Amino acid sequence: MSRIIIESSKHDGKIELPEQLIFGRTFTDHVFEMDYDPDKGWHKPTIKKKSNLDLDPAAMALHYGQAIFEGMKAYNYTDGKIALFRPEKNFERLNNSNRRLCIPEIDIDLVMEALFELIKIDKEWIPTKEGHSLYIRPFVFANEPSLGVRPANQYKFIILLNPVGPYYPQGFKPVPIMVTDEYVRAVRKGVGDCKCAGNYAASLIAQREAQKEGYGQVLWLDAIEQKYLEEVGVMNIFVSLKNEIATPMLTGSILPGITRMSVIQILKDWGYNMNERMISIDEIVDAYDQGNLFEMFGTGTAAVISSISKLKYKDKIMEFNEKEAGELGTKLYNEITGIQWGKIKDKYGWIKFVE
Ligand SMILES: *Cc1c(COP(=O)(O)O)cnc(C)c1O
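Remember, it's a predicted structure, so these values are computed and weren't measured experimentally.

Peer 1: Help me understand the overall build of the protein in this model?
Peer 2: A count of helical and extended segments in the protein gives seven helices and 18 strands. What you see for the protein is a C-alpha radius of gyration of 21 Å, in line with the 20 Å of a compact globule of 355 residues. Principal-axis analysis of the C-alpha atoms gives the protein an extent of 65 × 50 × 35 Å. When each of the 355 residues of the protein is scored for burial, the buried share is 53%.

The structure is reproduced here in structure tokens:
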């Protein structure tokens, strides 16, 4: 017997997806919701029609930011199977964010079951076209009405489903990145390694300024010395150097990406000298000047791999390839999307089918 309460599983009329699916705009017609209070714990795990929330203006998340989220994708194979990529890692990370923000942890088995049920109910919403997928947004926020600064006593957990088009509608193209030493994203021992809402609010201004100068995203340096590479936008970063592939080690201010984790494993298996370590921006500039910096790319669920065309740091512009993504980034992109779409054998057991 399923523990999930199904309040609705029907659709109002025929499901029609817009021709152009813009990220984060179209949602399926059901959500999963669950509430927390100290007496009942997490309770009433329910799949229902998506509707507006009934929220008190004093809901604590709106004032003091106890709000965390996750992001993952489901892939609709043409044979009717629906695949998820390492979803247990997302829920483990969700609980990690919960712990840091004093939010009660969730039961991973229960929400995995709920996610499967929700996806099955809204299956017809998942596009099957090449490169299209279903973006999954689980999130938790404090909805207790109170203005006291303390951990809330009431929370809501929701899973929203968002059908999305391909991240690269014009093909796998590299993007220009600007290093910021004006702003920092997160500091060690803070909340940089959590997917909490406030981190993204803090990062918007640097992104806006980079975009004004024609750069797609920001490369963040560490908050203490503004010296070591941290992340690129909302992605982890990798650099291909002479005899080595390196990515910043997890110091506490960096988000431990699941794509990052997967790329590290694949590169090690391919025989690369793959290292997690501190990488200074000066080392990057020197390696570039000596011709020992071959390519840089970001990793994350939305894009999988995002190759960097050029990198601006102060007055220095380091150019890679404006037109084509780097060779290693392309190879990794093909490998991971191949595993996700069932075109390459999943020897790691990373794929979970919705059943
Ligand atoms: C989500 C996120 C990433 C990428 O994590 P994935 O699990 O690979 O999607 C990297 N950096 C930040 C800041 C993020 O929010």
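Picking up where we left off.
Peer 1: How should I be thinking about the nonpolar core in this particular structure?
Peer 2: In summary, soluble globular proteins display a tendency toward joint burial of nonpolar side chains. In this structure, L219, L229, V239, I284 and M296 are the most contacted members of the largest nonpolar core, which totals 48 residues. Residues contacting L219, with those up to four places away along its chain left out, are I177, M178, V179, T180, L229, E231, V232, I237, M296 and L311. Counting 44 residues, the second largest nonpolar core, distinct from the first, contains A67, I106, F157 and C196.

Peer 1: Just to check I follow, could you spell out the side chain of N90 for this structure?
Peer 2: With respect to the secondary-structure elements, N90 resides in helix α2 (residues 87-100). We classify N90 as buried; its relative accessible area is 2%. Beyond its immediate stretch of four places on either side in the chain, N90 contacts E70, G71, M72, F85 and I258.

Peer 1: For this particular structure, what's the right way to read the pairing of strand β9 (residues 175-180)?
Peer 2: Regular strands place side chains that alternate from one sheet face to the opposite one. Within β9, five of the six residues are buried, leaving the element largely enclosed by the surrounding structure. As judged from the four bridges shared by β9 and strand β10 (residues 217-221), these two strands associate in the parallel manner. Directly across from V179, in β10, lies its bridge partner L219.

Peer 1: Which parts of the structure should I look at to understand the site of the ligand?
Peer 2: Around the ligand, a shell composed of 14 residues is seen, among which K195, Y200, E231, T259 and T301 lie nearest. At 2.5 Å from a nitrogen atom of the ligand is found a side-chain nitrogen or oxygen belonging to E231. Within the side chain of T259, one N or O atom sits 2.6 Å away from an oxygen atom of the ligand. The protein chains hide 96% of the 380 Å² of surface that the ligand would expose on its own. Those elements that place two or more of their residues in the shell around the ligand are β12 (235-241) and α5 (258-269).

Peer 1: How should the side chain of T46 be read in this particular structure?
Peer 2: Looking at where T46 falls in the secondary structure, it is placed in strand β3 (residues 41-49). At a separation of 2.8 Å, a polar atom in the side chain of T46 contacts the main-chain carbonyl oxygen of K44.

Peer 1: What's the story with the packing of aromatic side chains in this structure? I'm lost.
Peer 2: The description of an aromatic ring pair uses the distance of the two centres, along with the angle that the planes make with each other. Throughout the structure, instances matching the rule amount to 18 aromatic pairs. Geometrically, the ring pair formed by Y77 and F353 is edge-to-face, given 5.8 Å between the ring centres and 85° between the ring planes. Of this pair, Y77 sits in the loop between β5 (72-76) and β6 (82-85) while F353 sits in strand β18 (residues 351-353); the two residues are 276 residues apart in sequence, bridging distant segments of the chain. Residue classification places F353 among the partly exposed residues on the basis of a relative accessible area of 30%. An aromatic cluster is present here, built from F32, Y36, W42, Y155 and F157 joined pairwise through their rings. The lysine or arginine in question, K81, covers the ring of F353, its NZ or CZ lying 4.9 Å from the ring centre. Its end group placed over the ring of W270, K331 keeps NZ or CZ at 4.5 Å from the ring centre.

Peer 1: Would you mind going over unusual backbone geometry with me for this structure?
Peer 2: Trans is the prevailing form of peptide bonds, just as negative phi is the prevailing case for residues other than glycine. Phi is positive for Q226, close to 50°, though the residue is something other than glycine. Within the secondary structure layout, Q226 lies in the loop between β10 and β11 (229-232). Positive phi values are uncommon outside glycine, yet N243 reaches one of about 65°. On the secondary structure map, N243 appears in the loop between β12 and β13 (244-248).

Peer 1: Would you take a moment to explain helix α7 (residues 327-340) for this structure?
Peer 2: Note that an α-helix has 3.6 residues per turn; residues three or four places apart therefore point the same way. Given a rise of 1.5 Å per residue, 14 residues ought to cover 20 Å, and the 20 Å separating the end C-alpha atoms of α7 matches this to within 8%. Where burial is concerned, most of α7 is hidden: ten out of the 14 residues are buried. Along α7, the positions that sit buried rather than exposed are L328, G329, L332, Y333, E335, I336, T337, G338, I339 and Q340. At the exit of α7 stands G342, carrying a positive phi of roughly 70°.

Peer 1: Can you help me understand the packing of α5 against α7 in this one?
Peer 2: Two numbers describe a pair of packed helices, the interaxial angle and the distance between the axes. Remark: α5 packs on α7, axes separated minimally by 11 Å, with the N-to-C direction vectors making an angle of 105°. When the axis of α5 is compared with that of α7, the two are roughly perpendicular. For the pair α5 and α7, contact is made by T259, V263, I266 and L267 and by L328, L332, E335 and I336, respectively. The residue inventory of the contact of α5 with α7, partitioned by class, reads six nonpolar, one polar and one charged.

Peer 1: Mind showing me how you'd approach the pattern of salt bridges here?
Peer 2: Overall, the coordinates contain 21 salt bridges when judged by the stated rule. Of the charged contacts, one joins E88 and K352 as a salt bridge, the two residues approaching to 3.4 Å between their closest N and O atoms. Placement of the pair is E88 in helix α2 and K352 in strand β18, with a sequence separation of 264 residues. It is possible to trace a salt-bridge network through shared partners that takes in E33, D35, K48 and K156.

Criteria and cut-off values
- Residues numbered from 1 in each chain as written.
- Predicted model: local features only at pLDDT ≥ 70, side-chain atom pairs only at ≥ 80, totals over all residues.
- Heavy atoms only, no water.
- Helix = DSSP H or I, 4+ residues; strand = E, 2+ residues; numbered from the N terminus.
- Rg over C-alpha atoms; globule rule 2.2 N^0.38 Å.
- Buried < 20%, exposed > 50% of the residue type's maximum accessible area, 1.4 Å probe, protein only.
- Core = buried A, V, L, I, M, F, W, Y, C linked by side-chain atoms within 4.5 Å.
- Contact = heavy atoms within 4.5 Å.
- Pairing = 2+ DSSP bridges.
- Near = heavy atom within 4 Å.
- Polar contact = N/O pair within 3.5 Å; in protein donor to acceptor, adjacent residues only side chain to side chain.
- Areas by Shrake-Rupley, 256 points an atom, 1.4 Å probe, with all protein chains shown as cover.
- Phe/Tyr/Trp six-rings, centres within 6.5 Å; stacked < 30°, edge-to-face > 60°.
- Lys NZ or Arg CZ within 6 Å of the ring centre and 35° of its normal.
- Expected span 1.5 Å × (residues − 1).
- Axes fitted to C-alpha atoms, helices over the stretch in contact; angles between N-to-C directions.
- Parallel < 35°, antiparallel > 145°, perpendicular 65-115°, else oblique.
- Nonpolar A, V, L, I, M, F, W, Y, C, P; charged D, E, K, R; others polar.
- Salt bridge = Lys/Arg side-chain N within 4 Å of Asp/Glu carboxyl O.

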